[in-house]
Amino acid sequence: MSTYVIGDLHGSHSAFVGLMEKLAFNPAHDCLWLVGDLVNRGPDSLECLREARQLGGAVRCVLGNHDFHLLVVARGKGKLRKKDTLEAILDAPDREPLLDWLQQQSLSVRKESTLMAHAGILPQWSMSQAEALGKEVEMALRSEHSGAFLAELFGDQPDRWQDSLEGMDRLRCIVNVMTRMRFISPRGRLDFAAKQGLESAPEGYAPWFQYPREDNAHLLFGHWAALNGQTPGARIPVDALDTGCAWGGSLTALKLESGERIAVANQKNGTA
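Cut-offs applied
- Sequence order as written defines the numbering, with residues in each chain counted from 1.
- Only residues with pLDDT of at least 70 are given local features in this predicted model, and only at 80 or more are side-chain atom pairs given and counted; all residues enter the totals for whole chains, interfaces and linings.
- The basis for every side-chain value is the complete set of heavy atoms in the structure, and neither hydrogens nor water enter the calculation.
- Cavities and pockets were defined on a 1 Å grid built from protein atoms only: a cavity is a group of points that admits a 1.4 Å probe but offers it no way out, a pocket is an open group of points flanked by protein on both sides within 12 Å along at least five of seven lines, and a lining residue is one with an atom within 4 Å of any such point.
- Grid points are joined across faces, edges and corners, and a volume is the space filled by probe spheres set on the points.
- Helical segments are the DSSP runs of H or I of at least four residues, strand segments are the runs of E of at least two, and each set is numbered from the N terminus.
- Gly falls in the polar group here, along with every residue not listed as nonpolar (Ala, Val, Leu, Ile, Met, Phe, Trp, Tyr, Cys, Pro) or charged (Asp, Glu, Lys, Arg).
- Note on pairing: two strands pair once DSSP finds at least 2 bridges between them.
- Only the contacting stretch of a helix is used when fitting its axis, a line to C-alpha atoms as for every element, and angles between N-to-C directions run 0 to 180 degrees.
- Should an angle lie under 35 degrees it is considered roughly parallel, over 145 roughly antiparallel, and from 65 to 115 roughly perpendicular; all remaining angles are considered oblique.
- Helix crossings are classified by the rotation of the near helix relative to the far one: an anticlockwise turn of less than a right angle makes the crossing left-handed, while a clockwise turn makes it right-handed.
- Contact criterion: two residues are considered in contact whenever any of their non-hydrogen atoms come within 4.5 Å of each other.
- Per-residue accessibility, obtained with a 1.4 Å probe over protein chains only, is compared with the maximum for each type, and a residue is labelled buried under 20%, exposed over 50%, and partly exposed between these values.
- Multiplying one less than the number of residues by 1.5 Å gives the expected span of a helix.
- This arc describes the spread of directions from the helix axis toward the C-beta atoms.
- What counts as a salt bridge is simple: a side-chain nitrogen of Lys or Arg found within 4 Å of a carboxyl oxygen of Asp or Glu.
- For the purposes of these results, a polar contact is taken to be a pair of N or O atoms within 3.5 Å, where, inside protein, one atom must be able to donate a hydrogen and its partner to accept one; residues adjacent in sequence count only when each atom of the pair is a side-chain atom.

> What am I meant to see in the layout of surface pockets here?
Left-over empty space is what a probe sized like a water molecule reveals as it rolls over the atoms. Size it by volume and the largest pocket reaches roughly 710 Å³. Lining of the largest pocket is provided by 30 residues; of these, Arg41, Asn65, His66, Arg182 and Lys195 occupy positions nearest its centre. Elements that contribute at least two residues to the lining of the largest pocket include exactly α3 (65-75) and α8 (167-180). Looking at the lining of the largest pocket residue by residue, the class counts come to 9 nonpolar, 13 polar and 8 charged. By volume, the second largest pocket amounts to about 160 Å³.

Below, the structure written as structure tokens:
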């Protein structure tokens, strides 16, 4: 049995299928972890969702910011943005079961000392705390009031975690940390403006993985395509899985047991 962790799909279905074939993935005994952002940017978001859902219990998926955006548009009265490629999902005959499946996904997946979250977790959070906070969001997302939760979800405030946060401020901050985080201050304040490589760090900020932790967590994340799978200056065991598939890069898988990386070029949007 092997566990493979695949980076952001972003609607790149042909690369997804090609990578799964290269892995010789067998859902009867292998496990697949998807690091979120299954949809948007690429041309085949609908097919990516269908493919992931069809894998059943062989797949474990965390939600990314683009996955949340789809749910906000579909069920929280949000609006499509100019560059979105989500219309096929919204118009699909199996739209509702696909959205139901997506809405049941988690914010983190953990196996022993390894934890996956779309953007990462704060250095101040233990793995157990990150799991517990993620479950607070998951409960709201799966509740009968999920539409109201999604309608109020997006926003940049509060931009620093405090244990005393309550209500939507608390839930929004958890989601922003686990799906949008890149640069943070030493006290854990998030910057949402800088989205490029490490050279774009605002003064007084650094990538979240350049801060030390008190545990031995091995953290897996996607979200940050500009890193191209690299984490220079990391002070913790960490693997970046977004290698820019939606931008003409490659789609990358990490074999968790060995640390081996396997990649395929995205033939539809470009080459690696």
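> Teacher, can you tell me more about the sheet that holds strand β1 (residues 3-6) here?
In a beta sheet, neighbouring strands are held together by backbone hydrogen bonds and run either parallel or antiparallel to one another. Spatial ordering of the open sheet is given by β3-β2-β1-β11-β12, a layout of 5 strands whose pairing is mixed. Each edge of the sheet is formed by a strand with only one pairing partner; in this case those strands are β3 (59-61) and β12 (261-265). The sheet shows a mean angle of 20° between the axes of neighbouring strands, taken without regard to direction. In this sheet, β12 lies alongside strand β11 (residues 250-255) in antiparallel orientation, the contact comprising 5 bridges.

> Can you walk me through the packing of helix α6 (residues 127-142) against α8 in this structure?
Any two packed helices are characterised by the angle at which their axes cross and by the distance between the axes. Packing of α6 against α8 brings their axes to within 10 Å, and their N-to-C directions diverge by 120°. Judged on the interaxial angle alone, α8 and α6 are oblique. Pair α6 / α8 crosses with left-handed handedness. Contact residues: α6 offers Ala130, Leu133, Gly134, Glu136, Val137 and Ala140, while α8 offers Arg170, Leu171, Ile174, Val175 and Met178.

> Please explain unusual backbone geometry as it appears in this structure.
Most peptide bonds are trans, and most residues other than glycine sit at a negative phi. The omega angle of the peptide bond from Gln157 to Pro158 is -5°, so this bond is cis rather than trans. Mapping Pro158 onto the fold places it in the loop between α7 (146-151) and α8. In this structure, His10 takes a positive phi of about 50° despite not being glycine. Along the chain, His10 falls in the loop between β1 and α1 (13-23). For His10, a relative accessible area of 6% puts it in the buried group. One non-glycine residue, Glu112, adopts positive backbone phi at about 55°. Here Glu112 is to be found in the loop between β4 (109-111) and β5 (114-116).

> Looking at this structure, I do not really get α6. What am I missing?
The terminal C-alpha atoms of α6, which comprises 16 residues, lie 22 Å apart, in line with the 22 Å expected from a rise of 1.5 Å per residue. Every buried residue of α6 is accounted for by Met127, Ala130, Leu133, Gly134, Val137, Glu138, Ala140 and Leu141. Looking straight down α6, one finds its buried side chains confined to an arc of 160°; they lie on one side. Elements in contact with the buried residues of α6: α3, α5 (95-103), β4, β5, α7 and α8.

> Explanation requested: the pattern of salt bridges in the structure shown.
Opposite charge on two side chains allows them to pair when their charged atoms are near. All chains considered together, the criterion is met by 14 salt bridges. The residue Glu131 makes a salt bridge to Arg110 at a minimum N-O spacing of 3.0 Å. Taken together, the residues Glu131 in helix α6 and Arg110 in strand β4 connect sequence positions 21 residues apart. Exposure remark for Arg110: the relative accessible area of 28% places this residue in the partly exposed category. Lys111 is paired through a salt bridge with Glu257; the nearest N and O atoms lie 4.0 Å apart.

> Would you mind going over the side chain of Asp30 with me for this structure?
If you trace the backbone, Asp30 turns up in the loop between α1 and β2 (31-34). From its side chain, Asp30 meets the backbone nitrogen of Ser2 in a polar contact 3.1 Å long. With sequence-adjacent residues up to four places away left out, Asp30 is seen in contact with Met1, Ser2, Tyr4, Ala24, Phe25 and Ala58.

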